[in-house]
Each structure stands twice: as structure tokens, then as C-alpha cells.
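Take a look at the letters that make up each chain.
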Amino acid sequence: MAKQSHPTMSRALQKRENITGYLFMLPSLIFFIGFVVIPMIICIITSLTDANMHDQGMFGNFVGLSNFTKLTKDVDFLEALKNTFIIVVVSVPTVCAFSLWVSSAIYKLSGPVLSAFRCIFYLPVVTGSVAVTVVWKWMYDNYTGIFNHVLKGAGLIEQNINWLGDSKYALWCIILILFTTSVGQPIVLYVSALGNVDQTLIEAAEVDGATSFQVFWKVKWAQMMPTTLYILVITTINSFQCFALIQLLTKGGAGTNTVMYDIYWTAFKLTEQAGHFGYANAMGVVLAIFIGLLSALQFKLAKEK
Amino acid sequence: MKKLLAMVLAMTMVMALVACGGNKDSTTPAQDTPPAENNAPEAPETPAAGGELTLWTYPIGNWGQEDKVKAITDAFTADTGISVKVEYLAYADGDDKVNSAITAKSAPDLIMEGPERLVTNWGDKGYLVDLSDMFDDTDKSEINAAAMTACTHSNGEVYEYPLVVTAHCMAVNLDAFKEAGADQYLDMATRTWSTDDFIKAVDALYAHFNSPVGAVFCKGQGGDQGTRALVNNMYGGTFTNAAHDQYTWDDPLNVKALEQLKSMPGITFDASLEGGDEIKVFYQGILKMAFCWNIAQQLNPNLADTGAGLTASGEEIAFMAFPSESGAPQLCGGIWGFGIFDNGDQARIDNAKTFIKWMCDSEHTVDAVKTANYFAARSSAEGTDLSAIWADNDIMNDYQVLMPYLGDYYQVTKGWAGARTEWWTMLQKVGEGANIAETVATYAGNANAAAG
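Keep in mind that this is a model prediction, so the values were computed, not measured.

Q: Before we go on, may I ask you to explain the overall build of chain B in this structure?
A: Along its length, chain B carries 18 helices and 13 strands. In chain B, buried positions account for 55% of the 452 residues. For chain B, restricting intrachain contacts to residue pairs at least 6 apart in sequence, the fraction spanning at least 24 positions comes to 75%. Accessible surface computed for chain B: about 18,200 Å², of which carbon and sulfur atoms make up 52%.

As C-alpha cells, this is what we get:
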């Protein structure tokens, strides 16, 4: 980068600038290596061991791929994986589609109104997830929740629905909360992206007789692709890593167990079981592989587009 | 000039990071050093009679309340010169904190909880100090035999010094029972009822209130002693064998109890509630009975502050034993006391033993027991009679009628944490309508398999 902006810069000067740059990076790098890269390597290594809290040393005994083999037969893990995929498959497209729709509707509004909408949709994002979850928990409550109260009052149900205790509903209730807390950031990003679409291209397309849909699909959508890609990747990762909602609302019960929650439960609750750290880390590696594959696919599709 | 400034700034940030991250507490005992080397401190900072201790306590009665605990630990410090730093754990994440501390080799000196954690888990894994040398023949004769057995590992080592005991029971909304005409099924003198009477009472309540009156809560493990005791007592089933080496809850008698509960419209299997949640709904007057109850709840004036033994709207709460066919219920016991983590520092271990002796076997034991709001685990302590310390409290006195029903303390069975998970997961499946006999067999089998 230094070479491009200063082609005539002397080598010594370049070196000095590079060193300065790296020194600026160093604090972040220390954190990144210490809290991301090294734990990731440890996670991969221990997934091949029977590491647990009782034996001396971090790595336990090498057990090869047996943790991964066990995972393929672990009913709880497979159910958690299925639930995780349901969350991802449902929430990612709906979050993207809804935020795009809302953004398209509001991005041309006048300043204060637009800001008000942005605030409304962004509020669940900036509010603490615990506070949001507690409110939703009250609304879903089997005995005193507002949903049952309203539905019963309207004569739509006779008996209360156990929203968070019935596997027919619980996962969908979680997805709904995840949806409300996930749309804020994409809406803000899409509003910004729509505002930055080159107006001359839109006008040129319109002059050439393009319909509104064609303008959107051929001009706007194409220019928003980097934003869409970012939103897709972030929403996918967040959906895969859904944990707090499960922990606070159902503790993995009523058909809401996810891989993230299963990792936590195996690592920290089933401490009597041999090799629980290694086994939980194997789950983590599997989850990381799936996230990586899906993100790569999204990158590839976006590139082709 | 700019670059020089940038360099200086970067270096400052790095140095700040190093300074913030590298401050290793020199007073922390070197955990990896063999204990023998730690036995000879080079220069003790405090006099031999003083020192400090860390105590982590679960919310065992008022041992979870800072003002109450501070009063008694301050008295201990004044008496012995040993200061006590207390950390208060919650059941929701207390185990995570302790396990993380063990993994990080920063466990506290003392931990207050029951044998299911101290003996079966941390003691079994070798993290706790053997307290056998603290019990002489007099102590053994004074301490409740069942409590002493529960605190002793199968290898003969004692990992918990018991302080208090209680019996877990259930509770009924007496006013609601009277309103529905179901109070006729309660024997208020003995606080017992038969399984048939329980079924009739639930039916009467359901007919009157037209909504579920009791919840087999199964969101998680919190308060699961209640659901276990309900199922086991109805037809005399067992949870483990007598040797505490096998889970036997696939007992046909338990299957029969679950089938009976599932068939009752007045009972709901609720996967959105744990024990604590159930108590709240019971206090609100929505549920007419609570399966997660003990003397701590009976003494609790509840959040609405209507008074002990009353719901939020002032209805009378009566504690009851679980219904049984035989009329002789087997209640789950709660035994709580102290264990010492083996942090390799003999001086701290000695101080911890001094603490335990002061709390559990001295004239101060009365205060320690009263702080917990449970019953003393021993009849007397160094000549101080503990059998009548609650004579001035009617509720505590009444509650003692349940103590003879204390059953087997099976929570010390190997693989306990995993078995609890299997239990509430099984209840969820039963609640969803799965075949009960098959489900029970599967999950009991899982518990046994995990226990090895």
C-alpha cells in the first residue's frame, strides 16, 4: 500500500512506515492471536483428545477422530444440529428479505422520519439481549403471558398455549425473537446502501424504458451486493451461534437445543463425564466447518452474481 | 515528527497492555508446586493465628444473604483473627464458576453445598481434602447418621462436614383446597396423604378451577428433587438402588406413577418451568400445589411480602409430604455443609478446618444453623444442645413433623449431574406424549451408561 501511494518513497522510509503500521496493529493483533487464533488452535487440537477438567494438562489423551465418530451417533447433537439449521434456514432469508423491504419503503423518507424508523428497528439491537429476552419471556408466559391472554380473549384458543414449553412452538418462538433482534442492523445498512446507489444509472435505466422491478433488480440490487453479502454472512453466523436466547428461555428443552448450547452444556455441565472438553470442542469444530462452508458458498454466489 | 509521535503512541499502547496483563498476584499460592513445598512458607505475611480464607457458598437459606453471612463471618474473624472473603453463588451458574475455578487452579478454600456436589463430584475427583480427622467418636454419635453417611465417600474419606439438614416436601394452597372441597383429603396432623386422595384432590381442584392445578416442571434440573419425590412416592418406586451404584427409575412403579400423572387433566407437564418458576406461579395463586418446597419457602414472606406461609394474595400455604400408597412417604433430604478444596497450602487448609470447627462444632453452631434456617445436622455441639434451637419458631417446630420421613440420600450416586439431565429431559418427552415405559427405560439407561 505504501508503495502504491508513494512510488518514489525510499526503502528506509517505507520500512519505517511499515514498522509504524505494524506497531499500531500490535495491540489488536495481541488480542486477536491471544483470544481468537490460539483458542481456535487449542479447540482443534483438543477435539482430537479426551481433554477434561479432571486430568492434569490441557490436552488429555489423543483419541483420533473418535469424538467426531461419536457425534454422528449422538442423538442430542444431531437434534441440536437439525434445530440449528432450521434457525439458520428460516431466519437468514427472512431477515434479509424483511430488512430489504423495510429499507426500500423508508429510505426515501425525510430525515427525521427516517431516523425515527431507524431508531425503532435498531432499538432491539442496542437493548441488552437479557432485557429483551425477559420481556419476551413475560409475553410468552404459559400462565400470565399477554399472547395467551389476547388469544383467549379473542376466543381463538380455549386452553393456554405453552409457547416455550411445547416443542411444537418453542423453536419458532425463539426464531421470532431472533428475527426482531437481527433486523435492526441490516435495515440501517440497506438504507445506507440504497441511498448510495448511483442515481445516474437509475435515471439512465428509466430513460431506456426499464420497469421499476427491472431498475431494482438490474441496478439497485447489483450495487447493493456487497452489503447483502455482509448481511448474509453476519446473519448466518449469528443464527448458527444462537445461545443467549436458548439459555435464558428454554435451556435447550422443548426441542430448542442448538449446537452452541450443546457445546456449553457438554463442556460445563456434564463435568463428571470423561473427555467432556474434547467432545464439546469436537462439536465446536463441526459447527465452525458448517459456518465456514456456508459463508464460502455465500461469497461464491455473490461473486457470480 | 508525526512518525515519532506515532511510534511513541504505539509503544505506549503496547506497554499499557503488557502492564495491565502481566500483574500476577505474588500472594497466590503456586498451584503446580507440590504441597510439601508449600507447607513451609518463607515469610508469612500474617501471624500464625490469623490468615485469610475464601468461602464460596450456594444460597443455602440465609447463607446466600450477604448481611447475614457477614455477621457470622465477622464474629469468626473477631474470634480467630482469620478473615473470610465470601463469594455468593447461584444455582443457575454456580457449578460453572466452581468448575472453571478448578480448571484454572483457583478454587476457593471452602465451599458450602451438599454431598451431591462435594462428595459425588468434586470429592470423588480428588479436589477436596479428607476431613476424617475432624470427627471423633463423640462427633459421630452426635451427627445425624444419614447425613454422616452421605458426606462419606465410598472410599471412606469424608468430603463434607454437615451443618444443616432438611426434608424437601410439597405445598398446597389450603384456601383453594377448601374452596374446592379437597381439604378433606389432607391429614394436617401428620401432613401426609394417600395417592388415591391426591388423585381425588387434584380432580376436585380441576373441576372447580377448570385449569391445571399442579405442574410437573421439567425445564431444567432446578428443584427436580420435587418431581423425583412425587413420582417415586406415588407407588413406592425408587430412583437408585440401595448401594447407590445404579439408577433404577425405570422401575415399573415409577412408570405407573408417570402414566397416572399424565392421565390427570389437573396435572400438566410443563417444560417452561423449573422449580423456582413453579414456586412463583404457586405464590401467584395460579397453581394450587407446588412440588418444589421446603422450610426455606415456608418461612419466606414471598415477593408480595404478605407473610410467611401465605401466597401473594394472602391465601394460606400448607406444607405436605408427597402422597404415597403406604402412608409412609420417603422424602428427599437436603444436607448442607462445608468442604475444603485441596489447594496445596497446608496453612490455609488448617485455617479452613478451624472455620469448619467453629461453625459446625462449637457453641457458635447455633448461629450458623440459624443463619441457614434449616435444622442442625447434629444433636449437640461441644456441649451445646441443638435439638431445641427452634423452640421459639412455630413454623420450624411444625415442620419437624416431616423430618422422620427423610428417605435415602441417593444424590451421591455416581454420574449424578448427567442423571439429572436425563431425568428432566425424560419428563419433557413424557409430557409431549411419548410412550412412557419406553422413554423411561431409554433415559434411565442413558443415565446408567454415562455413570459407567
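Moving on from the model shown.
Q: Would you explain the overall build of chain A in this entry?
A: Along the backbone of chain A there are 15 helices and zero strands. The C-alpha atoms of chain A give 24 Å as radius of gyration, which overshoots the globular expectation for 305 residues (19 Å, by more than 25%). Projected onto its principal axes, the C-alpha coordinates of chain A cover approximately 75 × 65 × 30 Å. Here chain A, with 305 residues, has 42% of them falling under the buried criterion. For chain A, contacts bridging at least 24 residues in sequence account for 65% of all contacts bridging at least 6. When the accessible surface of chain A is split by element, carbon and sulfur atoms take 68% of a total near 16,600 Å².

Q: Looking at this structure, how should I read the interface of chain A and chain B?
A: By convention, interface size is frequently given as the accessible area that disappears when the constituent parts associate. Listed per partner, the contact involves 37 residues of chain A and 43 residues of chain B. Approximately 3,400 Å² of surface area, both sides summed, lies buried where chain A meets chain B, with 57% of it carried by carbon and sulfur atoms. Summed over the shared surface of chain A and chain B, the number is two salt bridges. Counting across the interface, chain A meets chain B through 13 residue pairs in polar contact (both at pLDDT 80 or more). Looking at the side of chain A that touches chain B, the elements with two or more residues in it are helix 2 (11–46), helix 13 (244–249) and helix 14 (259–269) of chain A. Examining the composition of the side of chain A that touches chain B, we find that nine residues originate from one element, helix 2 of chain A, more than from any other. A per-class count over the side of chain A that touches chain B returns 18 nonpolar, 13 polar and six charged.

Q: Sorry if this is basic, but what is going on with the nonpolar core here?
A: Nonpolar side chains in soluble globular proteins tend to end up buried together. One finds W63(B), F198(B), W249(B) and F338(B) to be the most contacted residues of the largest nonpolar core, which totals 192 residues. Looking at which element gives the most residues to this core, the answer is helix 15 (residues 276–304) of chain A, with nine residues. Formed by 27 residues, the second largest nonpolar core is a distinct cluster that contains V102(A), V197(A), W221(A) and M225(A).

Q: Help me out: how do you make sense of the pairing of strand 5 (residues 169–173) of chain B in this one?
A: In regular strands, side chains alternate between the two faces of the sheet. All names here are of chain B. Counting buried residues in strand 5 gives five out of five residues, a clear majority hidden from the surface. Side chains of strand 5 alternate between two faces, with C169, A171 and N173 and M170 and V172 buried alike. Of the strand pairs in this sheet, strand 5 and strand 8 (residues 289–293) are connected by three bridges, and their pairing is antiparallel. If you follow A171 over to strand 8, its bridge partner there is A290.

Q: Looking at this structure, I do not really get the sheet that holds strand 10 (residues 333–340) of chain B. What am I missing?
A: Within a sheet, each strand pairs with its neighbour through backbone hydrogen bonds, oriented either parallel or antiparallel. Residues and elements named next belong to chain B. Read from one edge to the other, the open sheet built from six strands follows the order 2-1-3-10-4-11, with strand pairing classed as mixed. Looking at which strands have only one partner, the edges of the open sheet turn out to be strand 2 (83–88) and strand 11 (375–376). Pairing analysis gives three bridges linking strand 1 (residues 52–57) to strand 3 (residues 110–113), with the strands arranged parallel. If you follow L55 over to strand 3, its bridge partner there is L110. Sheet strands touched by helix 15 (residues 365–372): strand 4 (161–167) and strand 11. Its angle to strand 4, the strand with the most contacts, is close to 40°.

Q: Sorry if this is basic, but what is going on with the packing of aromatic side chains here?
A: Residue and element names in this part refer to chain A. Scanning all chains against the criterion turns up 44 aromatic pairs over all chains. Here the aromatic rings of W136 and F147 are separated by 6.4 Å at their centres, their planes lie at 40°, and the arrangement is tilted. Of the two residues, W136 sits in helix 6 (residues 129–140) while F147 sits in helix 7 (residues 146–153), which places them eleven residues apart along the sequence. Given the relative accessible area of 13%, W136 is considered buried. On the basis of relative accessibility, which here comes to 27%, the residue F147 falls in the partly exposed class. Between Y264 and F268 the ring centres are 6.1 Å apart and the planes differ by 40°, which places this aromatic pair in the tilted class. Of the two residues, Y264 and F268 both sit in helix 14, four residues apart, roughly one turn of that helix.

Q: I'm lost on the sheet that holds strand 9 (residues 317–320) of chain B in this one. Help?
A: All names here are of chain B. Spatial ordering of the open sheet is given by 8-5-9, a layout of three strands whose pairing is antiparallel. The outermost strands of the open sheet, each flanked by one partner alone, are strand 8 and strand 9. If you compare each strand with its neighbour and ignore which way they point, the axes differ by 30° on average. Relative to strand 9, strand 5 runs antiparallel, the two being bridged by four bridges.

Q: Looking at this structure, I do not really get empty space enclosed by the protein. What am I missing?
A: One way to see where empty space is left: roll a probe the size of a water molecule over the atoms. Applying the stated criterion across every chain, the model contains one cavity of 30 Å³ or more. Considering only enclosed or pocket space, the largest cavity measures out at about 160 Å³ in volume. Forming the boundary of the largest cavity are 16 residues, of which K269(A), D95(B), N121(B), Q221(B) and A417(B) lie nearest the centre. With four residues, helix 17 (residues 416–431) of chain B is the largest single contributor of residues to the lining of the largest cavity. Counted by class, the lining of the largest cavity contains five nonpolar, five polar and six charged residues.

Q: What should I look at first to understand the pattern of salt bridges in this one?
A: Pairing of side chains with opposite charge becomes possible as their charged atoms draw close. Residues and elements named next belong to chain B. The full count for this structure, using the stated rule, is 18 salt bridges over all chains. Among the ionic pairs, R117 bridges to E113, the shortest N-O distance being 3.0 Å. The buried category is assigned to R117, whose relative accessible area is 7%. Salt-bridge contacts for D361 lead to K357; the nearest nitrogen and oxygen are separated by 2.8 Å. Taking relative accessible area as the criterion, K357 reaches 36% and is therefore assigned partly exposed. Put simply, D139, E142, K357, D361, R378 and E382 are held in one network by salt bridges that share partners.

Rules and cut-offs
- Residues numbered from 1 in each chain as written.
- Chains lettered and ligands numbered in written order.
- Predicted model: local features only at pLDDT ≥ 70, side-chain atom pairs only at ≥ 80, totals over all residues.
- Heavy atoms only, no water.
- Helix = DSSP H or I, 4+ residues; strand = E, 2+ residues; numbered from the N terminus.
- Buried < 20%, exposed > 50% of the residue type's maximum accessible area, 1.4 Å probe, protein only.
- Contact = heavy atoms within 4.5 Å.
- Areas by Shrake-Rupley, 256 points an atom, 1.4 Å probe, with all protein chains shown as cover.
- Rg over C-alpha atoms; globule rule 2.2 N^0.38 Å.
- Buried area = accessible area lost by both parts, 1.4 Å probe.
- Salt bridge = Lys/Arg side-chain N within 4 Å of Asp/Glu carboxyl O.
- Polar contact = N/O pair within 3.5 Å; in protein donor to acceptor, adjacent residues only side chain to side chain.
- Nonpolar A, V, L, I, M, F, W, Y, C, P; charged D, E, K, R; others polar.
- Core = buried A, V, L, I, M, F, W, Y, C linked by side-chain atoms within 4.5 Å.
- Pairing = 2+ DSSP bridges.
- Axes fitted to C-alpha atoms, helices over the stretch in contact; angles between N-to-C directions.
- Phe/Tyr/Trp six-rings, centres within 6.5 Å; stacked < 30°, edge-to-face > 60°.
- 1 Å grid on protein atoms, 1.4 Å probe; cavity = no way out; pocket = protein on both sides within 12 Å on 5 of 7 lines; lining within 4 Å.
- Points joined across faces, edges and corners; volume = space filled by probe spheres on them.

The analysis is restricted to geometry; functional conclusions fall outside its scope.
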